[in-house]
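# Close look at the chain arrangement
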Amino acid sequence: MKHVDPSDLKPQPPDDPLRVAAIVIYLTLALLVLAIPQSLTNWLSDMNGNPVQEIALRGAGILRNVSQRIGVAGVYRRARDAFIAVSGVEPD
Amino acid sequence: MLFPTIEFAVFFAVVFPITWLLNDHNTWKKLFLVAASYYFYAFWRVDFTLLLFASSLLNYLAALVIGRLQSRAWRLAVLWIAVAANLGLLGYFKYYNFFVAQLINGFDAVGLKVDVGFIELPLPVAISFFTFHALSYIIDVYRRALKPTTSLLDILFYISFFPHLIAGPIVRANKFLAQTVGRRDPANIRLGQSVFLIIGGLFKKVIVANYLSTGFVDGVFRDPTAASSLDLVLGMYAYALQIYCDFSAYTDIAIGIANLLGYEFPQNFNYPYRAVSVQDFWRRWHMSLSSWLRDYLYIPLGGSKFGTFATYRNIMITMALGGLWHGASWAFLIWGALHGAALVIERALGLAGEAAAKQRGPLATAFGWLVTLQFVCLAWIFFRAPSTDAWLGYFSTMFAGARWTTTMTPFVAVIFVLGALSHVLPPRWLEALDKRYDRASLPVKVAVPFVAIYLIAIAAPGGIAPFIYFQF
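Procedures and definitions
Residues numbered from 1 in each chain as written. Chains lettered and ligands numbered in written order. Predicted model: local features only at pLDDT ≥ 70, side-chain atom pairs only at ≥ 80, totals over all residues. Helix = DSSP H or I, 4+ residues; strand = E, 2+ residues; numbered from the N terminus. Rg over C-alpha atoms; globule rule 2.2 N^0.38 Å. Buried ≥ 20, exposed ≤ 12 C-beta atoms within 10 Å, placed from the backbone. Contact = placed C-beta atoms within 7 Å. Core = buried A, V, L, I, M, F, W, Y, C linked by C-beta atoms within 7 Å. Domains from an automatic or database assignment.

### Considerations on the overall build of chain B
The secondary structure content of chain B amounts to 20 helices and zero strands. For 472 residues, the compact-globule estimate of 2.2 N^0.38 gives 23 Å, and the C-alpha radius of gyration of chain B, at 23 Å, lies within 12% of that figure. Along the three orthogonal principal directions, the C-alpha set of chain B runs to about 65 × 65 × 50 Å. Considering chain B as a whole, with its 472 residues, one finds that 44% of them fall into the buried category. Of all intrachain contacts in chain B linking residues separated by at least 6 positions in sequence, the fraction that spans at least 24 positions is 75%.

Set out below in structure tokens:
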């Protein structure tokens, strides 16, 4: 069995801070869109009608379907309802 | 466009990559960021972007002229013209109606009628902030503390950069312009700090400030004479917490956003309700404004150089004008003057300064904290009350001690305690959290902001109120 001398190992390059920041920002946003899909749909629906909005709405609709199929959209709704019931704040 | 909205998330998701893609083409990057900042500002009102541009152009030209002139007298003359133009613009939009009302009331009191019209234009958002940015630039150029830049783009960028544009922090020209030269180093991104500033800011604004406001404070201040004394006492503390959480949230998010784009902003709050004197409070509250007032108003007035009386006078003028900067009303003026008077009393009693702080024992420090906190919270009543009748009614009902029942719900009480935690948690815990985050694996780095924002979204109120400091 060949042993590796630790001194032969090249030091790992430090993570590129810009790459890490970009991954954190976009993955966080993507996860939020998937977890609370109705927020994006509602926001897009409030905008003035234009071709970009229609395309974006179609995309948001697909995301919402995916979110509902895997069950995460319902988790947010139930958590929100539970919070409203416990806190006594005005329902949406 | 408010920070805690989907609009802003989409806006930032577009601005972030383009900014860094243009990092090796600095002029294009600045052009892009200026365009993005004007787009951000246009969300409030498109025509006020012309005002923002005119202010930037005026100060750019004034600084160039001041920089070229050799004669001190001529430089001073141009500076005064530029300062007058800046303050004239601010005065027209922000103070004109107030002074006209005082004029009419004054003449009316002696039986004379004057016919002066009011202007019916809304106050341009951020005018106080961008005017102070511009003034710091031309005054520094006049003092030869800063060379005037020949690049109009740099000045447009400095004054309009969207993270600080609406409600600060007030970034000094010399600190910011130094960052506009060449590419920004992505290694300076402090992801942990930025993530926690943004998450903390969202929590303070969306949860604490909003629920304190809508769930309790608004009701108490709407008709103070109908509230119980206990509600008025609690309302005073709740508003103190609300305004801190609201304003510090904005600047925390601004600092975090700017850092993600590669730019550094100064700290604006440092546990202000831990202050043990009013002087200490102003070293911790809206630090970028208090240092601005010190450097560009108090010191030019003579500071503490010309004897006791002149020092007290300069403090009073600085604080009264600082109060008036927040808005055109007697209440803001009184609020500023009260703080000025407190600073004068502290000086007169020998309680101000580093030496006095070092001599204080633990008991005196605790007493100083208690007195300062009560003073600051009482003074906030002037800041929040919508009219003279309202603050008169607030004080008279509160001190009458008529009823000791409360309408504060258990939920609002929990929010109050959560907001107060922002002053209880030791700073070293937050620093340790930043460091642990920076050392964490990538999935953890993503999970932390996702879970935090998800939880905030679950508990968020239906609509987000604008930040309090937008009106200034």
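### Some thoughts on the nonpolar core
Residue and element names in this part refer to chain B. Membership of the largest hydrophobic core comes to 135 residues, with the highest contact counts inside it found for Ile-138, Tyr-158, Leu-165 and Leu-212. It is helix 10 (residues 229-260) that provides the largest number of residues to this core, a total of 19 residues. Residue-level mapping places this core at the junction of two domains, with at least three residues from each of domain 1 (6-184) and domain 2 (191-276 + 360-422). Once residues lying within four places of it in the same chain are set aside, the contact partners of Ile-138 are Asn-59, Ala-62, Ala-63, Ile-66, Leu-79 and Ala-82.

### Considerations on the interface of chain B and chain A
If you look at the interface, chain B gives 25 residues, while chain A gives 27 residues. Mapped onto the side of chain B that touches chain A, the elements with two or more residues apiece are helix 1 (6-21) and helix 20 (442-459) of chain B.

### With respect to the environment of Pro449(B)
Along the chain, the position of Pro449(B) falls in helix 20. Judged by local crowding, Pro449(B) falls into the buried class, with 24 C-beta atoms found within 10 Å. Taking the C-alpha atoms as reference points, Pro449(B) and Val195(B), 254 residues apart in sequence, are found 6.9 Å from one another. When near neighbours in sequence (up to four residues on either side) are disregarded, Pro449(B) contacts Val24(A), Thr28(A), Val195(B) and Ile199(B).

### Some thoughts on unusual backbone geometry
All names here are of chain B. Positive phi, normally seen in glycine, also occurs at Ala-126, with a value near 75°. Structurally, Ala-126 is set in the loop between helix 4 (72-109) and helix 5 (127-142). Accessibility expressed as a C-beta count within 10 Å gives 24 for Ala-126, which makes it buried. The phi dihedral of His-286 falls on the positive side, at around 40°, and the residue is not glycine. In this fold, His-286 is placed in the loop between helix 11 (278-282) and helix 12 (287-298). The exposure class of His-286 is buried, given the 23 C-beta atoms found within 10 Å.

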